[in-house]
Amino acid sequence: MKLQEILRNIRKADQDYRMIQDGDRIAVGVSGGKDSMVLLAALHMYSKFQGKNFHVVGIHIKIGFPNMDFSEVEAFCERESIEFHSFDSMIYKILQRNLDKNGDLKCSLCSKFKKASVIEEAKKLNCNKIAFGHHSNDAVETLFMNMIHGGKIATFLPKMYMSRTDVMFIRPLIYCFEEDILNAQCNNEIPFVKSTCPNDGYTERQEMKDMLKELYEKYPMAKGNFVHMLSNEKQVDLWHKLQDDEEDPFEKMMKENDV
Ligand SMILES: Nc1ncnc2c1ncn2[C@@H]1O[C@H](COP(=O)(O)OP(=O)(O)OP(=O)(O)O)[C@@H](O)[C@H]1O
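Residues numbered from 1 in each chain as written. Predicted model: local features only at pLDDT ≥ 70, side-chain atom pairs only at ≥ 80, totals over all residues.

As annotated in an unreviewed UniProt entry, the protein carries the name tRNA 2-thiocytidine(32) synthetase TtcA and comes from [Eubacterium] hominis.

## Looking at the site of the ligand
Neighbouring the ligand are 16 residues; Gly29, Ser31, Gly33, Asp35 and Gly133 lie closest to it. For the shell around the ligand, the secondary-structure elements that each account for two or more residues are α2 (34–49), β2 (55–61) and α5 (107–124). Residues of the shell around the ligand, tallied by class, amount to 6 nonpolar, 7 polar and 3 charged. (Near = placed C-beta within 6 Å. Helix = DSSP H or I, 4+ residues; strand = E, 2+ residues; numbered from the N terminus. Nonpolar A, V, L, I, M, F, W, Y, C, P; charged D, E, K, R; others polar.)

## Quick notes on the UniProt feature "binding site: ATP" (unreviewed entry) in the protein
Taking the numbering used here, the UniProt-annotated feature "binding site: ATP" (unreviewed entry) corresponds to Gly29, Val30, Ser31, Asp35, Ile59, Gly133 and Asp138. Examined against the element boundaries, Ser31 turns out to sit in the loop between β1 (25–29) and α2. Taking the C-beta count within 10 Å as the criterion, Ser31 has 20 such neighbours and is therefore assigned buried. Relative to the elements of secondary structure, Ile59 occurs in strand β2. (UniProt positions renumbered as here; feature names shortened; annotations may be inferred. Buried ≥ 20, exposed ≤ 12 C-beta atoms within 10 Å, placed from the backbone.)

## As for unusual backbone geometry
Unlike most non-glycine residues, Arg18 shows phi in positive territory, near 45 degrees. The residue Asn67 is not glycine, and still its phi comes out positive at about 55 degrees. Of note, Asn67 is situated in the loop between β2 and α3 (71–79). With 7 C-beta atoms packed within 10 Å, Asn67 lands in the exposed category.

## A closer look at the pairing of β1
The two faces of the sheet receive side chains in turn, since in a regular strand these alternate between them. Across the 5 residues of β1, 4 count as buried, placing the element largely inside the fold. Inspection of the sheet shows β1 paired to β2 by 5 bridges, in the parallel sense. Bridged to Val28 within β2 is Gly58. Chirality of the crossover, the property in question, places the unit of β1, α2 and β2 among those that are right-handed. Looking at chain direction, β1 and strand β4 (residues 129–131) are connected through 3 bridges and run parallel. In the sheet register, Val28 faces β4, and the bridge partner there is Ala131. (Pairing = 2+ DSSP bridges. Right-handed = clockwise from strand over helix to strand, strands pointing away.)

In structure tokens:
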């Protein structure tokens, strides 16, 4: 398999955020989509050539959406000697019983159940880390969703420890753009399973994707700059409201200069 570009970006993310250590057992959350399938293949390859001694396991939680056939994914994992496990769940049934006011499935509820199930199964397989397939485009979309709907400048972290469950989440594809992942999937014929989730293509995230696509067409440099911005801590210039007991730096400067 030719995954050089993806592997280079995984190594950079690993170095910048110290994601992977000797002895790790990493569960890759596999939805069956292109991103998590490329992550599974690439992280497995990284474990062979990187010089660190860690193990990669693919974990798929079956949500219960109809007609999702994982036989090609299973055959691929067998061929590439990648450990892979699928687990049944009641998620779809629970979602159908808890529709939102428009009669649609609740994505937030699905996400919560999915995450909890991945953690539970990863722990049973003695994994200390869980890797998700989020990439650069996802990070910027999440940033914009948080700014627009949440009034905050925030996105998901490259690495996050959850003390309650004693598990570390890592996102090794944060430096990869979606089209590079698609190219890697296509060029290496990595199988994927198209999601039959009825909400697919009609989410807030999809709106953000479409908006950013238009923006990148007009300002191509924005794409790289947005990702660079996420770690450009020195250049964060935001408003600082003064606390009651805090001296006004402007007044202080006036006093010091006898103005
Ligand atoms: N059913 C699942 N079982 C295990 N892990 C999952 C499942 N669904 C999602 N994940 C993990 O959570 C990440 C984010 O989920 P999300 O639904 O946003 O991804 P996705 O759109 O399905 O994309 P992809 O699988 O292509 O990464 C995925 O990249 C994957 O690592």
